[in-house]
Amino acid sequence: MKRLFFIAILALVFWACEDNSMMIDDTSVGPLRHSSRIFELPDLFPGDSLAGRRKQGDSLIGEVELYDANGKLRMIIFPEDETDPKSELSYARIVDPKFTTKKGLGVASTFGAIKKNHEVNSLDNAINAVVISFKDTPWYVTIDKKELPENIRYDYASKIELAQIPDEAKIKYFFYTW
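Peer 1: Describe the nonpolar core, naming the residues involved and giving the relevant values.
Peer 2: The biggest cluster of nonpolar side chains holds 36 residues, and the ones touching the most others in it are I24, M75, I132, W139, V141 and I165. At the level of secondary structure, the elements contributing two or more residues to this core comprise β4 (59-67), β5 (73-79), β6 (89-94), α3 (111-117), β7 (120-125), β8 (129-134), β9 (139-144) and β10 (173-177). Ignoring any residue separated from it by four or fewer positions in sequence, one finds M75 in contact with V29, L32, V64, E65, L66, A92, R93, I94, V95 and F99.

Peer 1: Describe a nonpolar patch on the surface, listing the residues and the values that go with them.
Peer 2: On the surface, a cluster of nonpolar side chains totalling about 380 Å² of accessible area is made up of I127, Y154 and Y156. Structurally, I127 can be placed in the loop between β7 and β8. Owing to a relative accessible area of 59%, I127 belongs among the exposed residues under this scheme.

Peer 1: Let's hear about the pairing of β10: which residues, and what values?
Peer 2: Remark: a regular strand shows side chains that alternate across the two faces of the sheet. The sheet contact formed by β6 and β10 spans four bridges and is antiparallel. The residue of β10 that forms the bridge with A92 is Y176. Judged from the four bridges that link them, β9 and β10 form a sheet pairing that is antiparallel. By the bridge assignment for β10, T142 is matched with Y173.

Peer 1: Give me unusual backbone geometry: which residues, what numbers.
Peer 2: A positive phi angle, close to 60 degrees, is found at D136, a residue other than glycine. Positionally, D136 belongs in the loop between β8 and β9.

Peer 1: Just give me the short version of the sheet that holds β10, but keep the residues and values in it.
Peer 2: Strand pairs in the sheet, formed through backbone hydrogen bonds, run parallel or antiparallel to each other. Across the sheet, eight strands lie side by side as β3-β4-β5-β6-β10-β9-β8-β7; this open sheet has antiparallel pairing. Looking along the sheet, the strands with just one partner apiece sit at the ends: β3 (49-56) and β7. The sheet shows a mean angle of 20 degrees between the axes of neighbouring strands, taken without regard to direction.

Peer 1: Describe the pairing of β9, listing the residues and the values that go with them.
Peer 2: With respect to burial, β9 is a largely interior element, five of its six residues being buried. Of the strand pairs in this sheet, β8 and β9 are connected by five bridges, and their pairing is antiparallel. When the sheet's bridge partners are listed, V130 is paired in β9 with I143. Taking the residues between adjacent antiparallel strands as the criterion, β8 and β9 are bridged by four residues, where D136 takes a positive phi near 60 degrees.

Peer 1: I'd love a proper account of the pattern of salt bridges, names of residues and values included.
Peer 2: Tallied over the full model, the rule gives six salt bridges. Notably, a salt bridge pairs R74 with D48, separated by 2.1 Å at the nearest N-O pair. Here D48 lies in the loop between α2 (41-44) and β3 and R74 lies in strand β5, a separation of 26 residues in the sequence. For D96, the salt bridge identified is with R74, shortest N-O distance 3.6 Å. Of this pair, D96 sits in the loop between β6 and α3 while R74 sits in strand β5, placing them 22 residues apart in sequence. Residue class for D96 comes out buried when judged on its relative accessible area of 2%. Its relative accessible area of 8% is what places R74 among the buried residues. Shared partners join several salt bridges into a network, and the residues in it are D48, R74 and D96.

About the thresholds
Residues numbered from 1 in each chain as written. Predicted model: local features only at pLDDT ≥ 70, side-chain atom pairs only at ≥ 80, totals over all residues. Heavy atoms only, no water. Core = buried A, V, L, I, M, F, W, Y, C linked by side-chain atoms within 4.5 Å. Buried < 20%, exposed > 50% of the residue type's maximum accessible area, 1.4 Å probe, protein only. Helix = DSSP H or I, 4+ residues; strand = E, 2+ residues; numbered from the N terminus. Contact = heavy atoms within 4.5 Å. Patch = residues over 30% accessible without salt bridge, like charges linked within 9 Å, V, L, I, M, F, W, Y side chains within 5 Å. Areas by Shrake-Rupley, 256 points an atom, 1.4 Å probe, with all protein chains shown as cover. Salt bridge = Lys/Arg side-chain N within 4 Å of Asp/Glu carboxyl O. Pairing = 2+ DSSP bridges. Axes fitted to C-alpha atoms, helices over the stretch in contact; angles between N-to-C directions.

Don't take any of this as a statement about function, it's just geometry.
Written out as structure tokens, the structure reads:
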């Protein structure tokens with residue numbers, strides 16, 4: 001009985017200590033939520049560095065770049081109001097492949113891996129990329145047109161079909177919107 005109790009306590013401790021600092025889910029990217037404010041970023045990412053293009057007093061305003069301790073870019077965070085350090089977040093471009101969904105999907109995934117786990121909602125033909133949004137997710141991805149067959153790469157007006165995107169196509173950008 002003691003052994004069973006010990007195993008249950010140990011399992012509870014491991015479950016409670018699960019690291020969600022790099023998890024992408026329906027409401028957040030790591031510690032970031034829609035209600036997070038630009039001025040809170042230093043407290044949300046204490047071991048990382050933040051760089052902004054503009055400052056207002058001691059606070060960053062506008063888009064903010066987040067770097068890890070080694071100087072590697074992790075993500076770019078965009079506020080709803082570019083001039084207000086108390087602004088809530090609008091969207092983020094995730095750069096670091098360590099940020100993943102529970103299914104392990106992120107910027108390092110292929111289109112095939114994402115398509116296997118999420119239903120495509122829309123495909124938009126942009127100048128240099130295809131923008132792909134998915135049903136029931138707050139994120140979308142872009143795929144560089146260099147990943148597409150040559151016969152559709154340079155046609156900016158055509159409607160791109162799901163079957164025309166190779167499963168092995170690499171994700172160029174991974175965006176999360178609140």
